[in-house]
Structures are given as C-alpha cells and as structure tokens.
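Per-entry structural report
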Amino acid sequence: MTDRNLAPFILAAFIPNLDDDDKFHDECGVFGICNNPEAAAHTVLGLHALQHRGQEAAGVVSCDNAQFHSHKSLGHVADNFNSPHVIESLPGDCAIGHVRYSTSGGSGMRNIQPLFADLATGGFSVAHNGNLTNALTLRRHLVSKGSIFQSTSDSEVIIHLVATSTYLSLQDRFVDALRRIEGAFAIVALSKDSLIGTRDPLGVRPLVLGKLSGNSYIFASETCALDIIGAEYIRDVEPGEVVTIDRDGIHSLKPFPLRKARPCIFEHVYFSRPDSLSDGKSIYKVRKNIGRELARECRVKADLVVPVPDSGTPAAIGYAQEANIPFELGIIRNHYVGRTFIEPSDQIRHLGVKLKHNANRGELEGKIVVLVDDSIVRGTTSTKIVDMVRQAGAKEVHMRIASPPTIEPCYYGVDTPEKDKLLAANITLAEMTRYIGADSLAFVSIDGLYRAVCAKDRNHSSPQYCDACFTSDYPTSLTDREQNDAPAQISFLKEIGSKS
Ligand code: AMP
C-alpha cells in the first residue's frame, strides 16, 4: 500500500543532512522563584514538570543575596538533580531554572542555561525559551565591538546587550536589551535584587505567574510547573510585559508599543502539557475540541477511534465523542523511551518509533480504524504506525490529524526540520496518503483549529495566533534569514564553533 516512489522528497527526508546541526535549536522550559527558603528544590520540581519541553540538558542558578550558585548538566532533571548534595550546593531564596532541547550541534555544556555573567551592575542570570530571529546579526555586531561570547546559544546576545547598554540600572539595561531583540522570548532573569519574567511583544512563547504562601512568586513556562509545587496560578504574563519582583513587591512594566498578541497555536496542538492552562483555558479541553472539529470536517465510517499516544489522545477522545465511534487504546506506548522526534539522528528516530509504540492486536484485528495524531512533520511516525496497525490485522486504516498540514519551519523556538523535510510542504495530500500507507488521510482546517482554540475562525487580516508553521504567515521579521543567506549562516556558525 505504501508508495515509496516519491523519490526526490523522500531522499531529502531520510538522508541525514549534516548541515542540520548548524542552526540554533531551542525548545525549552523556564522556571523562576523568589522569596522562598527552598528556592532550588522548588525549581528542580518545576523543571521536572517541564521536562517535556526539553530533555537534553537542565540547569539551575540560585542566589543567596551575596553570591550566585549554579548546577548544570546534560540529560534529564531526575537523573542530574536527584541528590540532596546538589540542592545543598544551590543555597539562597531565589532561583531560576531551564530545561533545554537542542540537536547534536548545539548540545555542549557551554550552551546549557541559565546563562550567567558578572556585569557592572552585579551578577545576572538568564533563562530563555524561544528563538531570536536577529541573534546572528546582533552577535556579529557585538563581536565586532569586542564582546566575547562563551556559547553558541542565541540567548547569550541578551546578556551582552545588557552588559553593553549605556543605561545605568539593571532594569533599564534589560529593557534596552529587550527592545533590540526580535523573535520569540519568554525569559526569566535573576539578579541579586530581583527576579524578572518577560514575554515578547506578541507573546509567542508562554509564561505564567504564580504564587506560593507569603510573598513567594513564581514564573513558569506552563501551569503544570505551578501544580507540582502547590502554587496558585495568578495569570499569564502578558505579551510585552516585564514583571519584576523585588523587596518592594511586584511591578509590571509595558515598555513596548502595544501590538496585537499572537501566541503560538502549536503550544495548543502539541507542545504544552494537556494538564496546563493557557490564558486560563485547559489545553486538554482545547485538544478534545480539535478532535471534535476534525470529526465534523472529515468523518469516516469506522469501528474504532485509536489515538497515537500520547500526543494524539485528547484529540482522539474528542473525535470519538463527536463521531459516536468507540475509543480504544489500539496502540500502547512504552513510557520509558523519550519522544522519537527529538532523537538526534534519523536512524535512531526510525528505531525509536518501534521502541516506543506497539499494536494492541486484539483490539485492531478485522476493524476499520481511525488513527488520530496531533501532527505530521516528516511523516516518520504516521508511516510506522499505519504499518503497525495493518500488520496487527486492521481492515482499513484512516489517518486523521489534529492540526493543518505543517508546511513551514518554526523560527520561534519549536524545533522543526527545514522545509525540504516537511512532508506536507513537498507532496500533495494524495501522495502523502500513499506515502504513509493509509486508506485515507485528512487534516483539520486552519479555521477548524481556531474554532477549537478560541471559538472563532481565523481572522485572516489580523490572525489571533502565530500559525506560521501552517500558513507561512510569520508575525515578525526574520532578520537573520533575510540578511544572511543560509550557507553564510552555516559557515559563520562553523567559524564560531557551533559543534561544541
Ligand atoms: P513525524 O514523525 O516527523 O511526522 O513527526 C510527527 C510526530 O512528532 C507526531 O506524532 C507529533 O506528536 C510529534 N511532533 C510534532 N512536532 C514536534 C516537535 N516540534 N517536537 C517533538 N515532537 C513533535
């Protein structure tokens, strides 16, 4: 059934491209807490809850009023922050933390966040989720003026911009730096006197504000990191807002010209944990709504709705409820294997899918099955899963996807391959259907996705979300891409030693 003759695209998709390593990759979670005697322990717990946002490295920086302390490590939070000695080595009542995913090119120790520098204004540490679209341009400028970079992370430009700002106070220098960066950022920063949380003017990446007893405030990428420490969710940090917590309390500043927010819609589709809230709304409920829209838009007569676990599960429940078709766990996931997508090489990614999923044969034999997953990127997962379900005896396999076709890479912090490796950007729906080996394939429409997320169609003249991966409508300038052709970027990164 599967058509393997889609040669040009398929070659591009499956021959590992060594140049892939030469772009900045950031897919991260951030956490910060102040006024808490167990700041480091809470930060480690918060990072544990955010582990799905990045599994390659984790770091915590704490401050005890006089000094900063840091522990960083490649690997999972549970493996590297599990000893009391590590927590003891991070004293102080304020701390920030970061979990990071990067592909093999940028995964060296020196790129692990939070980053730290001793500035004229004192120690300053930064944890950044997102991706700056003018980082290379700024970096070149800063290097030409004498800045000495320690890492290949785009986030380091923030530290250098603060260091070289002509303003006097740290707060003013930080805002000055924020005005110069473009792209997506949710940042948690720590100085001796303050904890700061901020989001870019469009609010592309998420950041929430929470509170524990007393005046202990928390910033986190998602509310699941508040739940794990029993903190109350106060609100989302607003797009373009700089929230500072110091000994005088909590202060909010809006230093950017007002713009219509465009938070990332892919957080709703895949990235955030389903038990998190975004702008007070349950991600789980939104995903079920997407499944309902999908069932309304592209229903098929079937015996069973089966999710591709875990990311397809809420949408599959919504689809099954709307279509009135029984829901069954026809595929069982092994939870002791990481997300296949983020394995560093294509070979391992292929192997990973087999390691991760197994067909529940008794449920599938002789059945017409609707498989539901959240997205198709390269098509690796769908191809393997459809084949697995057929091998287990399913009579027909219909694939339904709870997002529109992914046709563009994300330059705002969700790691996606370049366009030549995105299945939907290169072949037609009919070719994709043959390629993954399904009897039929359908994606929810962009309006269907919007209805599920915000109960309205997409406002095409002024979209409510960043949906560039589905529409090619990037909401910020992409300065580095516009100014530096790709080969130049690659050689520049090689020059500065990105293969750390
Ligand atoms: P692919 O196998 O390349 O088509 O990727 C699709 C699968 O990867 C889906 O099952 C998604 O749940 C998952 N996925 C989609 N986007 C991402 C991402 N940015 N990071 C990690 N996993 C992803």
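This text gives an overview of the structure that appears in the document.

Each value, and the rule that gives it
Residues numbered from 1 in each chain as written. Predicted model: local features only at pLDDT ≥ 70, side-chain atom pairs only at ≥ 80, totals over all residues. Heavy atoms only, no water. Phe/Tyr/Trp six-rings, centres within 6.5 Å; stacked < 30°, edge-to-face > 60°. Helix = DSSP H or I, 4+ residues; strand = E, 2+ residues; numbered from the N terminus. Buried < 20%, exposed > 50% of the residue type's maximum accessible area, 1.4 Å probe, protein only. Core = buried A, V, L, I, M, F, W, Y, C linked by side-chain atoms within 4.5 Å. Domains from an automatic or database assignment. Contact = heavy atoms within 4.5 Å. Near = heavy atom within 4 Å. Polar contact = N/O pair within 3.5 Å; in protein donor to acceptor, adjacent residues only side chain to side chain. Areas by Shrake-Rupley, 256 points an atom, 1.4 Å probe, with all protein chains shown as cover. Nonpolar A, V, L, I, M, F, W, Y, C, P; charged D, E, K, R; others polar. Pairing = 2+ DSSP bridges. Axes fitted to C-alpha atoms, helices over the stretch in contact; angles between N-to-C directions. Left-handed = near helix turned anticlockwise from the far one by under 90°. Arc of directions from axis to C-beta. Parallel < 35°, antiparallel > 145°, perpendicular 65-115°, else oblique.

Some remarks on the packing of aromatic side chains
If you walk through the whole model with that rule in mind, you get 8 aromatic pairs. Both rings, one in Phe-124 and one in Phe-174, keep their centres 5.8 Å apart while their planes meet at 70 degrees; by these two values the pair is edge-to-face. Taken as a pair, Phe-124 in strand E6 (residues 122-129) and Phe-174 in helix H7 (residues 170-180) lie far apart in primary sequence, 50 residues in all. On the basis of relative accessible area, Phe-174 is assigned to the buried category, the value being 0%. When the ring of Tyr-450 is compared with that of Tyr-465, the centres are 5.6 Å apart and the planes differ by 75 degrees; the resulting orientation is edge-to-face. Taken together, the residues span a long stretch of sequence, with Tyr-450 in helix H17 (residues 446-454) and Tyr-465 in the loop between H17 and helix H18 (468-471) at a distance of 15 residues. Across the pair, Tyr-465 and Tyr-450 agree in class, each one buried.

Quick look at the nonpolar core
If you look at the biggest cluster of nonpolar residues, it comprises 46 residues, and the most contacted ones within it are Ile-290, Val-305, Tyr-319, Val-372, Tyr-412 and Leu-449. At the level of secondary structure, the elements contributing two or more residues to this core comprise helix H9 (266-271), helix H10 (283-297), helix H11 (313-323), strand E19 (368-373), H17 and H18. The greatest single-element share of this core, amounting to 6 residues, is contributed by H17. Domain assignment of the residues forming this core places at least three in each of domain 1 (25-262) and domain 2 (283-334 + 353-462). Beyond its immediate stretch of four places on either side in the chain, Val-372 contacts Leu-294, Val-305, Val-306, Pro-307, Val-308, Gly-312, Ala-315, Ala-316, Tyr-319 and Arg-400. Counting residues in hydrophobic clusters, the runner-up holds 27 residues, among them Leu-364, Ala-392, Ala-394 and Met-399.

Here we look at the site of the ligand
Lining the immediate environment of the ligand, one finds 16 residues, of which Tyr-270, Asp-373, Asp-374, Gly-379 and Thr-381 sit closest. Contact between the ligand and Arg-378: an oxygen atom at 2.8 Å from a main-chain N or O atom of the residue. Residue Thr-381 places a side-chain N or O atom 2.5 Å away from an oxygen atom belonging to the ligand. For the ligand, the accessible surface in isolation is 500 Å², of which the surrounding protein chains cover 96%. Mapped onto the shell around the ligand, the elements with two or more residues apiece are H9 and helix H14 (380-391). Looking at the shell around the ligand residue by residue, the classes come out as 6 nonpolar, 5 polar and 5 charged.

Considering the sheet that holds strand E1 (residues 27-33)
Ordered in space as E3-E2-E4-E1-E10-E9-E11, the 7 strands form an open sheet in which the pairing is antiparallel. With partners counted over all chains shown, the strands left at the sheet margins are strand E3 (68-74) and strand E11 (232-236), one partner each. Each strand axis lies, on average, 15 degrees off the axis of its neighbour in the sheet, ignoring direction. Of the strand pairs in this sheet, strand E9 (residues 208-211) and strand E10 (residues 217-220) are connected by 4 bridges, and their pairing is antiparallel. Within E10, the residue paired with Val-208 across the bridge is Ala-220. Strands in contact with helix H2 (residues 39-49) are E1, strand E2 (57-63) and strand E4 (94-101); relative to E4, the strand with the most contacts, it is inclined by about 25 degrees.

Considering the side chain of Thr-43
Within the element layout of this structure, Thr-43 appears in helix H2. Beyond its immediate stretch of four places on either side in the chain, Thr-43 contacts Phe-31, Ile-33, Val-60, Ala-95, Ile-96 and Gly-97.

Overview of the packing of H10 against H17
Interaxial distance between H10 and H17 falls to 8 Å at its minimum, and their mutual angle equals 145 degrees. Crossing hand, H10 versus H17: right-handed. Seen from H10, the contacting residues are Val-286, Asn-289, Ile-290, Glu-293 and Glu-297; seen from H17, they are Gly-448, Leu-449, Arg-451, Ala-452 and Val-453.

Side note on helix H5 (residues 135-144)
All of the buried residues in H5 are Ala-135, Leu-136, Leu-138, Arg-139 and Leu-142. What you see down the axis of H5 is that its buried residues fit within an arc of 160 degrees, all on one side. Among the residues trailing H5, Gly-146 stands out with phi positive, at a value near 110 degrees.

Topic: the environment of Gly-366
Structurally, Gly-366 is set in the loop between helix H13 (361-364) and E19. Residues Gly-366 and Asp-303 lie 63 residues apart in sequence; the distance between their C-alpha atoms is 9.5 Å. Filtering out sequence-adjacent residues up to four positions away, Gly-366 remains in contact with Asp-303, Gly-393, Ala-394 and Lys-395.

With respect to H7
Where H7 is concerned, the buried positions are Leu-170, Arg-173, Phe-174, Val-175, Asp-176, Ala-177 and Leu-178. Looking at the buried positions of H7, the neighbouring elements they touch are E6, helix H6 (156-164), strand E7 (186-191), strand E8 (195-199), strand E12 (242-246) and strand E13 (249-253).

Regarding the packing of H5 against H6
A pair of packed helices is captured by two measures, namely the crossing angle of their axes and the spacing between those axes. Following both chains from N to C, one finds H5 and H6 inclined at 45 degrees, their axes separated by 10 Å at the closest point. For the element pair H5 / H6, the angle class is oblique. Classified by chirality, the crossing of H6 by H5 is left-handed. Along the contact surface, H5 presents Ala-135, Leu-138, Arg-139 and Leu-142, while H6 presents Val-157, His-160, Leu-161 and Thr-164.

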